[in-house]
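Here are the chains, one letter per residue:
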Amino acid sequence: MATDREYIIATYLIQGKHDFHKKAKSIAVGLTAGTWTELPETRKKQMAAHLGEVIEVTGLAPGKDGEPRALCKIGYPLRNLTPDFPALLTTVFGKLSLDGKIKCLDIEAPDSFLDAFPGPKFGIEGIRQKLDVSGRPLLMSIFKQCIGMTLDELEEAYQQQVDGGVDLVKDDEIFFREDYAPAEERVRIFKRINREKEERTGKKTWYAVNLTGPVTQLADKAKRLAEQGADCFLLNAVPYGLDILHRLAEDPDIHVPVMAHPAFAGAVCASDDYGLSSPLLLGKLLRWAGADMVLYPSPYGSVAMPKEDALQVAENLRQPSTVHRPSLPSPSAGIHPGLVPAMVRDFGTDLIVNAGGGIHGHPQGSTAGGKAFVEAIGAAVKGRPLEEAAQDSPELKQALDKWGSIT
């Protein structure tokens, strides 16, 4: 690799009956100069600084179907790109994503490039400071029933969740229509409930409102919601696009943390053979784009992600960086109180325990469901067995009776 140029380096898993060194060279040329051997020498001198370079080709054992495989690292000169996601993704995986069994596993970029990306506005430390929570995972509840409900009905449901002791309540990602309950009204009402709880208990709660609408109006809507006192935005970051998240996170007039939802991400990263890897999309790229918190499938629940990938997503979100603050991971889907010790063991305490059915499905309702999680988190952090903690908590005992526990 040349040392006088800065590169974006992409790592690909390539499968098929290829000469992998030749294939890698064709990628390096095809996604930069377009062609090389046919160029006259004067044009080669002109284009040399823009030519991609093969960094490394490593053969792998054949895949499950017996196909040959290799890892290929390609360097793309930084001077070819503008510092934005459309340029980055088109350069490293644009037309290449249509070229057979090729999966982009990772992208590395120098700080000089990453400096142009906002990263989280608050990050783990900022969120903990604003919520005044330390030493334990955060607890979040999901509005699992929201479509078609009136403001009064949503207010009652919100109150039940807040009374359970959660730190955050988020909209369901499918909450788009606001015929019965406009977002600004929800923010205003739930802000009052949060304030009353803090005055009563000294504990804070955030409401993560789903940020929706045409992309050309999204920043203006975010500013209006921020003026109403919005605590946090939920954004379906993949359908809306990484560049939208980028622009929201860097806007100085939107001083509100953003929670990225993984809706539609499976279409991009679920395949073993195509697309982007989960740790790249849900970990690294969402953090670069500015997500303070990232929801993604846990390795335990109803929409499970392979454990190695789930742990790597969290690692990419939280690993030290000289450029960006760390983001809070939230491995989700099918989470119940009996899973909390396993989550703390596997992911540590810098995470969000996010539950929908595990709270609302409690035999005694949503408030009891929240209390069961609060007890489970407290026990897990102290290393206390849940069964022992349940002797002092009827809510936790009922949850364990219903869902069991995994250690």
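Residues numbered from 1 in each chain as written. Predicted model: local features only at pLDDT ≥ 70, side-chain atom pairs only at ≥ 80, totals over all residues. Heavy atoms only, no water.

**So, the overall build of the protein chain**
Then, number 1: Each helix and strand in the protein chain was counted, giving 18 helices and 13 strands.
Then, number 2: Computed over its C-alpha atoms, the radius of gyration of the protein chain comes to 23 Å, within 12% of the 22 Å expected for a compact globule of 407 residues.
Then, number 3: Its C-alpha atoms give the protein chain principal-axis dimensions of about 75 × 45 × 35 Å.
Then, number 4: The burial tally for the protein chain puts 53% of its 407 residues in the buried class.
Then, number 5: Taking contacts inside the protein chain between residues at least 6 apart in sequence as the whole, the part at least 24 apart equals 75%. (Helix = DSSP H or I, 4+ residues; strand = E, 2+ residues; numbered from the N terminus. Rg over C-alpha atoms; globule rule 2.2 N^0.38 Å. Buried < 20%, exposed > 50% of the residue type's maximum accessible area, 1.4 Å probe, protein only. Contact = heavy atoms within 4.5 Å.)

**Section: helix H7 (residues 183-201)**
Then, number 1: Look at H7: 26 Å from first C-alpha to last across 19 residues, which is about the 27 Å you get at 1.5 Å a residue.
Then, number 2: Of all the positions in H7, only Ala183, Arg186, Val187, Ile189, Phe190, Ile193, Asn194 and Lys197 are classed as buried.
Then, number 3: Along its buried surface, H7 packs onto helix H6 (151-163), strand E7 (206-210) and helix H8 (215-227).
Then, number 4: A positive phi of about 80° marks Gly202, the residue just after H7. (Expected span 1.5 Å × (residues − 1).)

**Describing the nonpolar core**
Then, number 1: In terms of nonpolar packing, the biggest core is built from 106 residues, with Ile8, Tyr12, Leu88 and Tyr296 touching the most fellow members.
Then, number 2: Among the elements that make up this core, the one with the highest residue count is helix H12 (residues 278-289) (seven residues).
Then, number 3: Dropping the residues within four chain positions of it, Tyr12 is found in contact with Leu31, Ala70, Leu71, Cys72, Ile74, Tyr76, Val92, Phe93, Leu96, Ile102, Lys103 and Cys104.
Then, number 4: Ile127, Leu138, Ala208 and Ile352 belong to the second-largest nonpolar core, a separate cluster that totals 17 residues. (Core = buried A, V, L, I, M, F, W, Y, C linked by side-chain atoms within 4.5 Å.)

**A look at a nonpolar patch on the surface**
Then, number 1: On the surface, Ile147, Ile174 and Phe176 cluster together to form a nonpolar patch covering roughly 300 Å² of accessible area.
Then, number 2: Tracing the sequence through the fold places Ile147 in the loop between strand E5 (138-142) and H6. (Patch = residues over 30% accessible without salt bridge, like charges linked within 9 Å, V, L, I, M, F, W, Y side chains within 5 Å. Areas by Shrake-Rupley, 256 points an atom, 1.4 Å probe, with all protein chains shown as cover. Salt bridge = Lys/Arg side-chain N within 4 Å of Asp/Glu carboxyl O.)

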